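Read off the chains here:
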Amino acid sequence: YQCKAKDMRSEDELGRGAFGAVYRMRHRKKGTVMAVKKIRATIDNDERRRLMMDVNVACKSLDCPYTVTFYGSLFHDGDVWIFMELMDRCLDQLYKLVYEKLKLTIPEAVVGKMAESTIKALHFLKSTLNVLHRDVKPSNILINRSGQVKLCDFGIAAETINSFTKTNIGSKPYLAPERINPTDNPSFDQRSDVWSFGITFFELAVGQFPYPFPKDVDIFKQLELVVKGRPPRVPDSAPVSPELRSFIHRCLTKEVSNRPKFHQLLDDPFIKRTETEDTDIGPWFRDILEREASL
Ligand code: ADP
Ligand code: MG
């Protein structure tokens, strides 16, 4: 990938995560724009080597329309820069905007398209690259003005990054019950991603996080609730169809051996229905952006 750090000009900061920030950057001469994730230099050489290996995995995912395209990466001043396709919003920003700022809801047909894209991305990564995501959450699913929904941050040093994610106090628990105390289940199973996917789509469909955590309950209490409590159930008052409700509940099966795998979710009646509807979510999303601009 022929692109040097000094050729790139930083524009806006797009967001911040546990271990770095993402910027919109423009190539000074060509004018092309990209999203660049800059990971702080604090990781050691071994972790870096692993990171670069995982970036290579990301580069191989070019054939999937549901994963964010990776252009390459470089080291600069000790930081790792990861170049990727620029998207317009992550679903975390989007659902807060829709439910909290605009006091609207995300229509079920839109939720369906988002779920279909995400599960197809997860299935592609597993079946063709043998990669599990390990950090499925709304901020790792991105949308653009054309209405495309794409998964990002897969395979990027899952080990390195998830050790940060887990200790990232203050973040919400998307982690599956069996991952919270992984001594019993040392190897990561795709169904742990399915749980996180279920929490994510509960949040997008209902407009609130499935565990009602008061501000004063710390992350350890929250994790305990995930492990010991009953699985979340979509409230009766939520405006979701029986198909969507049971789709979410299937993903949120506590016992990992009873939880569906990706290919079983692809055959779920909710996803089948979504596929036949073939909704274009571009117009809906552009309308939301216009409403945001006029707030
Ligand atoms: P996290 O996923 O935990 O929020 P990240 O560092 O991965 O942390 O990303 C920070 C934010 O940057 C995301 O929440 C998202 O809003 C934004 N972002 C990440 N990648 C892109 C991209 N390719 N295009 C546009 N925005 C992005
Ligand atoms: Mg991310």
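Thresholds applied
- Going along each chain's sequence as written, the residues are numbered from 1 onward.
- Labels follow written order: the first chain is A, the first ligand is 1, and so on.
- Thresholds applied to this predicted model are a pLDDT of at least 70 for local features of residues and 80 or more for the giving and counting of side-chain atom pairs; totals over whole chains, interfaces and linings are not thresholded and use all residues.
- UniProt positions are given in the numbering used here, feature names are shortened, and annotations may be inferred rather than shown by experiment.
- In this description a helix means any DSSP run of H or I spanning at least four residues, a strand means any run of E spanning at least two, and both kinds are numbered starting from the N terminus.
- Residue burial here comes from a neighbour count, namely the number of other C-beta atoms, placed from the backbone, that lie within 10 Å of the residue's own C-beta, with 20 or more meaning buried, 12 or fewer meaning exposed, and in between meaning partly exposed.
- Our contact criterion uses C-beta atoms placed from the backbone: two residues qualify when those atoms are within 7 Å.
- When DSSP finds two or more bridges between two strands, those strands count as paired.
- For every element, the axis is a line fit to its C-alpha atoms; helices are fit only across the contacting stretch, and the angle between N-to-C directions ranges from 0 to 180 degrees.
- Helix crossings fall into two classes, left-handed where the near helix is turned counterclockwise from the far one by less than a right angle and right-handed where it is turned clockwise.
- Throughout, the ten residues Ala, Val, Leu, Ile, Met, Phe, Trp, Tyr, Cys and Pro are labelled nonpolar, Asp, Glu, Lys and Arg are labelled charged, and all others, Gly among them, are labelled polar.
- Residue proximity rests on one test: whether the C-beta atom, placed from the backbone, lies within 6 Å of the molecule or strand.
- pLDDT runs from 0 to 100 and stands for how confident the predictor is about each residue.
- Any angle that falls under 35 degrees is termed roughly parallel, while one over 145 is termed roughly antiparallel, one within 65 to 115 roughly perpendicular, and all others oblique.
- Residues enter a nonpolar core if they are buried, belong to Ala, Val, Leu, Ile, Met, Phe, Trp, Tyr or Cys, and are joined to the set through C-beta atoms within 7 Å.

On to the UniProt feature "binding site: ATP" (unreviewed entry) in the chain, then. This chain's UniProt record puts "binding site: ATP" (unreviewed entry) on K38. Within the secondary structure, K38 is located in strand 3 (residues 33-39). Residue class for K38 comes out buried when judged on the 20 C-beta atoms lying within 10 Å of it. The contact partners of K38, leaving out residues within four places of it in the chain, are G20, A21, Y23, D79 and W81.

Pairing is antiparallel in the open sheet, where three strands are placed in the order 6-7-8. At either end of the open sheet lies a strand with only one pairing partner, and these are strand 6 (89-90) and strand 8 (149-151). Against the sheet, helix 3 (residues 108-129) makes contact with strand 7 (141-143) and strand 8, and its axis sits at roughly 35° relative to strand 8, the strand it touches most.

A word on the packing of helix 6 (residues 190-206) against helix 8 (residues 242-251). Following both chains from N to C, one finds helix 6 and helix 8 inclined at 145°, their axes separated by 7 Å at the closest point. The handedness of the crossing between helix 6 and helix 8 comes out as left-handed. Residues V194, W195, F197, G198, F201, F202 and A205 of helix 6 pack against L244, I248 and C251 of helix 8. By residue class, the composition of the contact of helix 6 with helix 8 is nine nonpolar, one polar and no charged.

The next thing to look at is the sheet that holds strand 4 (residues 70-76). Spatially, 1-2-3-5-4 is the arrangement adopted by the five strands of the open sheet, whose pairing is antiparallel. Two strands bound the open sheet, and with one partner strand each, they are strand 1 (8-17) and strand 4. Between one strand axis and the next, the sheet turns through 25° on average, direction left out of account. Relative to strand 5 (residues 79-84), strand 4 runs antiparallel, the two being bridged by six bridges. Bridging across to strand 5, F75 finds its partner in V80.

With that settled, consider the site of ligand 1. Taken together, 22 residues surround ligand 1, and among them G15, G17, V22, A35 and S139 come closest. Counting residues per element, the ones that place at least two in the shell around ligand 1 are strand 1, strand 2 (20-27), strand 3 and helix 2 (91-101). The element contributing the most residues to the shell around ligand 1 is strand 1, with four residues. When its residues are assigned to classes, the shell around ligand 1 shows 11 nonpolar, six polar and five charged.

Overall, the predicted model of the chain reaches an average pLDDT of 87, with 83% of residues at or above 70. Contacts for the low-pLDDT stretch residues 157-170, under 50 throughout, to residues beyond four places or in other chains number 22 contacts. Predicted complex metrics record ipTM = 0.99 and pTM = 0.92.

Along the polypeptide, G72 turns up in strand 4. Through-space distance from the C-alpha of G72 to that of F83 is 5.4 Å; in sequence the pair is 11 residues apart.

The sheet contact formed by strand 1 and strand 2 spans seven bridges and is antiparallel. Residue pairing for strand 2: S10 is matched across the bridge by M25. Between the end of strand 2 and the start of strand 3, which pair antiparallel, lie five residues, with G31 showing a positive phi angle near 80°.

Bringing the packing of helix 8 against helix 10 (residues 269-277) into the picture now. Any two packed helices are characterised by how steeply their axes cross, that is the angle between the axes, and by the distance between the axes. Packing of helix 8 against helix 10 brings their axes to within 8 Å, and their N-to-C directions diverge by 130°. Taken together, the axes of helix 8 and helix 10 lie oblique to each other. Seen from helix 8, the contacting residues are E243, L244 and F247; seen from helix 10, they are P269, F270 and R273. Its residues assigned to classes, the contact of helix 8 with helix 10 comprises four nonpolar, no polar and two charged.

Let us look at the environment of G17. Looking at where G17 falls in the secondary structure, it is placed in strand 1. By C-beta crowding, G17 is classed as partly exposed, having 18 other C-beta atoms within 10 Å. In this structure the C-alpha to C-alpha distance between G17 and E116, which are 99 residues apart in sequence, comes to 25 Å.

A few words on the nonpolar core. Within the largest apolar cluster, 63 residues are counted, with the highest numbers of intra-cluster contacts made by V111, M114, L151, F201, L204, A205 and I248. With sequence-adjacent residues up to four places away left out, M114 is seen in contact with L91, I141, V149 and L204.

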